[in-house]
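The primary structure of each chain is shown beneath.
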Amino acid sequence: MKTFAEFGLDAKVLQAITELGFEESTPIQDKSIPIAMNGSDLIGQAQTGTGKTAAFGIPLINKIPSSEERIVALIMTPTRELAIQVAEEIGKLARFKGIRSLPIYGGQEIGRQIRALKKRPQIIIGTPGRLLDHINRKTIKLDDVQHVVLDEADEMLDMGFMEDITSILSLVPAERQTMLFSATMPPNIQRLAQQFLRNPEHVSVIPKQVSAPTIDQSYIEVHERQKFDALSRLLDMESPDLAIIFGRTKRRVDELSEALQKRGYSADGLHGDLSQNQRDNVMRKFRDGSIDVLVATDVAARGLDVSGVTHVINFDLPQDPESYVHRIGRTGRAGKEGTAWSFVTPRETDHLHFIEKVTRQRIAKKPVPSLAEAIEGKQRITAERILEVVQGENFVEYKGVAIQLLEQYDSVNLLASAIALITGEKKDVSIELTPEDPIRAKKRRPDVRSSGRRFTGSGYGGGNRTGSGSSSSSSSSSAPRGRSGYGGGSGSGYAGNRGSSSSSSSRDGYKPREGGRSYEGRGNSSSSSYENRSGEQRRSKPASDDFVNN
Ligand SMILES: Nc1ncnc2c1ncn2[C@@H]1O[C@H](COP(=O)(O)OP(=O)(O)OP(=O)(O)O)[C@@H](O)[C@H]1O
Ligand SMILES: [Mg+2]
């Protein structure tokens with residue numbers, strides 16, 4: 001653990017870091033910043049929420065001269081929300097040095113982006129589709145780019161961006177620095193690395209052994225039809241400050257956010273079928289706390305950093321362990337504690353155990369919260385809210401009526417009635433969700449070679465899924481986050497290791513993955529159809545027989 005002053009950074013960069021409140025570097029920053037400052041290519045892996053953005057952002061900003069007028073750095077992200085967020089963090093770090101950065105993503109009016117490009121940003125943060133659009137219009141040219149970062153590199157591969165990335169990078173001078181970052185680094189990332197990186201340094205913050213998690217993980221076994229009631233009880237019992245609930249499909253997200261609103265929760269949904277305006281609004285409301293429940297597809301699983309997210313709930317289990325790791329990684333960030341719950345239908349318990357095995361993390365089984373626990377939780381929150389008001393003394397104008405009431409009625413009855421009113425039971429609103437099919441772990445098939453799952457620092461060597469058809473097994477592993485978070489240094493990390501995956505690529509580079517993953521929807525209604533998570537280009541659906549749907 002170092003202070004940032006030890007890296008020999010520009011005073012203006014240091015000032016920005018101080019202003020952000022970063023006191024010490026995180027382990028990934030410790031290791032990456034000197035290498036990145038040297039100009040070497042880099043593959044950086046560290047657990048969710050440990051400051052990978054600054055790990056590549058600080059060296060970039062440090063290096064770029066303020067007088068630079070050309071685009072010299074390009075950062076690519078898999079989703080629009082992440083492009084916006086990374087641009088914001090880069091913007092904060094670059095404030096005093098006066099480096100200009102610009103997010104470029106689908107869904108935003110292109111004219112606006114073209115106007116902003118005229119201000120000569122030195123750093124562009126973009127999603128591949130819109131970047132290509134600008135490149136084709138010649139509104140962005142990459143001839144002078146000296147640094148490239150692929151954030152969530154493995155996800156960019158999985159989303160079928162390989163062809164786009166290849167096209168984009170073919171326009172960037174070979175004489176450049178290229179860096180890949182993610183919490184999960186499956187071996188097939190090597191394909192990307194071999195193609196685009198030169199003698200990369202591998203930096204990974206991985207624990208030697210499983211250590212205590214910062215994210216408290218539990219699951220509840222529940223039938224599909226009981227999920228919603230279980231969810232409202234869970235929300236009542238836990239009363240999260242901010243929660244993200246992941247659903248499998250866009251339809252699911254729509255239905256769930258509407259149902260939660262009907263039951264009186266302050267919730268809204270995020271998925272790729274919404275307009276960019278709607279997406280921006282939902283994110284803004286969630287970030288400023290005007291809603292406290294964000295219901296989302298996996299579009300929100302990667303990279304998003306919203307401070308104060310205390311809970312992640314997998315309303316539907318994710319298809320693969322990487323997705324699980326990234327989803328629950330939306331809480332427990334920057335050394336804070338977080339709580340993750342997953343709903344598991346009886347037929348999905350094998351899949352849950354598979355996730356446990358791969359992530360080397362026991363996920364504790366908990367009962368469905370009882371009505372009594374739910375009520376107790378809700379009442380506790382109401383009482384806390386009342387006490388806050390009492391302390392604020394912002395109630396003087398209500399005293400007159402209070403005195404009158406107390407003259408006529410019993411004080412306990414009065415207060416209990418007021419609590420009942422504020423608690424606002426809306427249990428009578430009936431909710432009907434379209435059921436989702438369970439996810440099931442694939443069974444080992446001896447005739448198909450399994451590359452298995454391997455863990456760094458663990459003896460586990462066997463995959464319990466195998467590939468099917470032309471798609472060979474792709475697997476990964478992870479280790480849980482360490483409690484140490486910032487400052488502890490033991491730095492547990494995700495040690496993803498995916499068996500060599502050589503599945504056939506479709507035209508657009510989309511790789512139908514063994515076991516599939518939780519893409520948004522694979523039903524046949526448009527609201528539940530597969531989409532590219534950046535929402536800007538549609539790709540072919542993964543082969544449906546990659547999934548066990550029933
Ligand atoms: N040195 C530091 N000290 C304190 N906070 C930090 C430091 N570096 C980064 N942070 C904060 O930690 C949070 C998480 O950082 P960031 O989003 O970069 O994580 P990440 O490793 O990219 O996670 P993910 O894998 O989910 O993308 C951010 O709010 C960031 O501002
Ligand atoms: Mg990140």
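All values derive from a computational prediction rather than experimental measurement. (Residues numbered from 1 in each chain as written. Chains lettered and ligands numbered in written order. Predicted model: local features only at pLDDT ≥ 70, side-chain atom pairs only at ≥ 80, totals over all residues.)

K.L.:
Just give me the short version of the overall build of the protein, but keep the residues and values in it.
P.N.:
Looking only at helices and strands, the protein features 18 helices and 14 strands. Expressed as a percentage of the 550 residues in the protein, the buried residues total 52%. Put simply, of all contacts in the protein between residues at least 6 apart along the chain, 76% involve residues at least 24 apart. (Helix = DSSP H or I, 4+ residues; strand = E, 2+ residues; numbered from the N terminus. Buried ≥ 20, exposed ≤ 12 C-beta atoms within 10 Å, placed from the backbone. Contact = placed C-beta atoms within 7 Å.)

K.L.:
Report on the site of ligand 1, specifying residues and quantitative values.
P.N.:
Around ligand 1 lies a shell of 21 residues, among which Thr48, Gly51, Lys52, Thr53 and Ala334 are the nearest. Residue assignment places the shell around ligand 1 across two domains, with domain 1 (4–204) and domain 2 (215–372) each supplying three or more. (Near = placed C-beta within 6 Å. Domains from an automatic or database assignment.)

K.L.:
Break down the pairing of strand E11 (residues 293–296) for me, citing the residues and quoting the values.
P.N.:
Burial along E11 is two-sided: the residues Val293 and Val295 and Leu294 and Ala296 are all buried. Inspection of the sheet shows strand E9 (residues 242–246) paired to E11 by four bridges, in the parallel sense. Each bridged residue has a counterpart across the sheet, and for Ile244 the counterpart in E11 is Leu294. Of the strand pairs in this sheet, strand E10 (residues 267–270) and E11 are connected by four bridges, and their pairing is parallel. Within the sheet, the bridge partner assigned to Leu270 lies in E11 and is Ala296. Crossover connection from E10 via helix H12 (residues 276–287) to parallel E11: handedness right-handed. (Pairing = 2+ DSSP bridges. Right-handed = clockwise from strand over helix to strand, strands pointing away.)

K.L.:
Residues and numbers for the packing of helix H15 (residues 371–392) against helix H17 (residues 411–423), please.
P.N.:
Contact pair H15 / H17: the axes reach a minimum separation of 10 Å and the direction vectors enclose 105°. Between H15 and H17, the interaxial angle falls into the category roughly perpendicular. Where H15 approaches H17, its residues Lys378, Gln379, Thr382, Ala383 and Arg385 are matched on the opposing element by Ile419, Ile422 and Thr423. Considered class by class, the residues forming the contact of H15 with H17 number three nonpolar, three polar and two charged. (Axes fitted to C-alpha atoms, helices over the stretch in contact; angles between N-to-C directions. Parallel < 35°, antiparallel > 145°, perpendicular 65-115°, else oblique. Nonpolar A, V, L, I, M, F, W, Y, C, P; charged D, E, K, R; others polar.)

K.L.:
With reference to specific residues and values, describe the sheet that holds strand E1 (residues 42–45).
P.N.:
In spatial order, the strands read E3-E4-E2-E5-E6-E1-E7; together these seven strands make up an open sheet with parallel pairing. Of all the strands in the sheet, the pair left with one neighbour each is strand E3 (101–104) and strand E7 (201–204). Geometrically, the sheet is characterised by an average inter-axis angle of 15° between neighbouring strands, direction not taken into account. With five bridges joining them, strand E5 (residues 147–151) and strand E6 (residues 177–182) adopt parallel strand pairing. Its bridge partner being in E6, Leu150 is matched across the sheet by Leu180.

K.L.:
An account of the sheet that holds strand E13 (residues 338–344) is needed here, citing residue identities and associated values.
P.N.:
Across the sheet, seven strands lie side by side as E10-E11-E9-E12-E13-E8-E14; this open sheet has parallel pairing. On the outer flanks of this sheet lie E10 and strand E14 (364–366), each paired with one strand and no other. When strand polarity is set aside, the average angle formed by the axes of neighbouring strands in this sheet is 25°. As paired elements, strand E12 (residues 309–314) and E13 share four bridges and run parallel to each other. Of the residues in E13, the one forming a bridge with Ile313 is Trp341. Across the sheet, helix H11 (residues 250–262) touches E9, E10 and E11, and the angle it forms with E10 is around 170°.

K.L.:
With reference to specific residues and values, describe unusual backbone geometry.
P.N.:
The phi angle of most residues is negative, glycine excepted, and most peptide bonds adopt the trans form. Of note in this structure, Lys138 is not a glycine but carries a positive phi near 65°. Relative to the helices and strands, Lys138 is located in the loop between helix H6 (128–137) and E5. Located in the positive-phi region is Asn199, a residue other than glycine, with phi close to 40°. For Asn199, the position within the fold is in the loop between helix H9 (189–196) and E7.

K.L.:
Can you lay out the UniProt feature "short sequence motif: Q motif" (unreviewed entry) in the protein for me, pointing to particular residues and giving the numbers?
P.N.:
The UniProt record marks residues 2–30 with the feature "short sequence motif: Q motif" (unreviewed entry), using the residue numbering of this structure. Secondary structure across residues 2–30 divides into 45% helix and 0% strand, with the first and last C-alpha atoms of the span separated by 7 Å. (UniProt positions renumbered as here; feature names shortened; annotations may be inferred.)

K.L.:
Tell me what's going on with the domain arrangement of the protein, and back it up with residues and numbers.
P.N.:
Segmentation of the protein into domains returns domain 1 (4–204), domain 2 (215–372) and domain 3 (378–423). Distance between the C-alpha centres of domain 1 and domain 3: 53 Å.

K.L.:
Would you mind going over helix H3 (residues 52–63) in detail, with residue names and values included?
P.N.:
Under the 1.5 Å per step criterion, the end-to-end length of H3 is 17 Å for 12 residues, consistent within 8% with the ideal 16 Å. Among the 12 residues that make up H3, 11 are buried, leaving the element largely enclosed by the rest of the structure. Of all the positions in H3, only Lys52, Thr53, Ala54, Ala55, Phe56, Gly57, Ile58, Pro59, Leu60, Ile61 and Asn62 are classed as buried. (Expected span 1.5 Å × (residues − 1).)

K.L.:
So, the packing of helix H2 (residues 27–38) against H3: which residues are in play, and what are the values?
P.N.:
Relative orientation and spacing of two packed helices are given, respectively, by the angle between their axes and the distance between those axes. Here H2 crosses H3 at 30°, and the two axes come no closer than 9 Å. Considering their axes alone, H2 and H3 lie roughly parallel with respect to each other. With respect to the hand of their crossing, H2 and H3 are arranged in right-handed fashion. Residues Ile28, Gln29, Ser32, Ile33, Ala36 and Met37 of H2 form the contact with H3, whose own contacting residues are Lys52, Ala54, Ala55, Phe56, Ile58, Pro59 and Asn62. The class makeup of the residues in the contact of H2 with H3 is nine nonpolar, three polar and one charged. (Left-handed = near helix turned anticlockwise from the far one by under 90°.)

K.L.:
Lay out the confidence of the model for the protein with the relevant residues and their values.
P.N.:
Mean pLDDT over the protein stands at 81; residues scoring 70 or higher make up 78%. Per-residue pLDDT stays below 50 along residues 208–212; that stretch engages in 10 contacts with residues further than four places along the chain or on separate chains. For the stretch residues 443–550, pLDDT sits under 50, and the model shows 302 contacts to residues farther than four places along the chain or on other chains. Interface confidence for the predicted complex, expressed as ipTM, amounts to 0.99; the pTM equals 0.82. (pLDDT = per-residue confidence, 0-100.)

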